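Geometric and topological summary
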Amino acid sequence: MAERGWFIVRVELVGRIDEELHPPPGRDFLASGGHSLLELAVAIDTGFARWDLGHLHLFRFPTGAEYVLGGGEDDDDTPSTESTRLGLLGLRKGTEFEYVFDLGDEWLHRCEVRAVDVDPEVEFGDEPLAPVPLFGWATSPISTDARPPTTNRARSSGRAPSR
């Protein structure tokens, strides 16, 4: 797989240790093979409105391979998300993997490569410098400040919000 190819990755927030979400909120992200797993993690965390970013994260692949923020412990050779590029992981359409945010609460995300070799100019209008969300559904349970979309539309249209 070429390191510079572009992917659409669907990410669904399944839940955490003591809570499963039905239906799971999700986002579709556009990412380049040149982007790192860390950059994808930042996009996922931003896309799900996380504000407490001082937690470790990891990606887990069906092969058993794991990639952790900062790499493994001193005696562990677990690769780092900072240095692992998406294009070197052999991702194909249908490849599934997991993203875990906060290794204490274990917010589990199910990820699936939905498309490969997409044109970023068609999907996004340009080649983004980092992974970007293209589409999303449901409110993230992480954000307690979620506002109804009508509030934002009224303000952006230049009209005063109705009271």
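See the structure shown above.
A brief structural summary. (Residues numbered from 1 in each chain as written. Predicted model: local features only at pLDDT ≥ 70, side-chain atom pairs only at ≥ 80, totals over all residues. Heavy atoms only, no water.)

1. Considerations on the overall build of the protein chain
On a plain count of helices and strands, the protein chain comes out with three helices and eight strands. For the protein chain, with 163 residues in total, the buried portion stands at 40%. Excluding contacts between residues fewer than 6 apart, the proportion of contacts in the protein chain whose partners are at least 24 apart in sequence is 64%. When the accessible surface of the protein chain is summed, it comes to about 9400 Å², and 49% of that surface belongs to carbon and sulfur atoms. (Helix = DSSP H or I, 4+ residues; strand = E, 2+ residues; numbered from the N terminus. Buried < 20%, exposed > 50% of the residue type's maximum accessible area, 1.4 Å probe, protein only. Contact = heavy atoms within 4.5 Å. Areas by Shrake-Rupley, 256 points an atom, 1.4 Å probe, with all protein chains shown as cover.)

2. Here's the deal with the environment of Pro23
By the element assignment, Pro23 lies in the loop between strand E2 (19–20) and strand E3 (26–32). Spatially, the C-alpha atoms of Pro23 and Glu12 are 9.3 Å apart, while their sequence positions differ by 11 residues.

3. Quick notes on the side chain of Ser32
Along the polypeptide, Ser32 turns up in strand E3. Only 2.9 Å separates the side chain of Ser32 from the backbone nitrogen of Gly34, close enough to count as a polar contact. (Polar contact = N/O pair within 3.5 Å; in protein donor to acceptor, adjacent residues only side chain to side chain.)

4. Description of the side chain of Thr95
Along the polypeptide, Thr95 turns up in the loop between strand E5 (66–68) and strand E6 (96–101). Only 2.9 Å separates the side chain of Thr95 from the backbone oxygen of Arg92, close enough to count as a polar contact. If we skip the residues at most four places from it in the chain, Thr95 touches Gly90, Cys111, Glu112 and Val113.

5. Quick notes on unusual backbone geometry
With an omega of -15°, the peptide bond between His22 and Pro23 qualifies as cis. In this structure, Glu106 is a non-glycine residue whose phi angle is positive, near 55°. Structurally, Glu106 can be placed in the loop between E6 and strand E7 (107–116). A residue is classified by how much of its surface remains accessible, and Glu106, at 41% relative accessible area, is partly exposed. At Asp117, a position not held by glycine, the phi torsion is positive, near 55°. The exposure class of Asp117 is exposed, given its relative accessible area of 59%.

6. Structural notes on the nonpolar core
By size, the foremost hydrophobic cluster in this structure holds 24 residues, and its most contacted members are Ile44, Phe59 and Phe97. Here this core takes five residues from helix H1 (residues 37–47), the largest share from any one element. The residues touching Ile44, leaving out its near neighbours within four places in the chain, are Val11, Phe29, Arg50, Phe59, Tyr99 and His109. (Core = buried A, V, L, I, M, F, W, Y, C linked by side-chain atoms within 4.5 Å.)

7. Structural notes on the environment of Trp107
Tracing the chain through its elements places Trp107 in strand E7. Classification of Trp107 as buried rests on a relative accessible area of 10%. Between the C-alpha atom of Trp107 and that of Arg16, which follows or precedes it by 91 residues, the distance is 4.3 Å.

8. Details of the pairing of strand E4 (residues 57–60)
Sheet topology places E4 next to E6; four bridges connect them, and they run antiparallel. Directly across from His57, in E6, lies its bridge partner Phe101. Two strands pair when backbone bridges link them, and E4 and E5 are joined in this way by three bridges, in the antiparallel orientation. Across the sheet, residue Phe59 finds its bridge partner in E5, namely Tyr67. (Pairing = 2+ DSSP bridges.)

These values are about where atoms sit, not about what they do.
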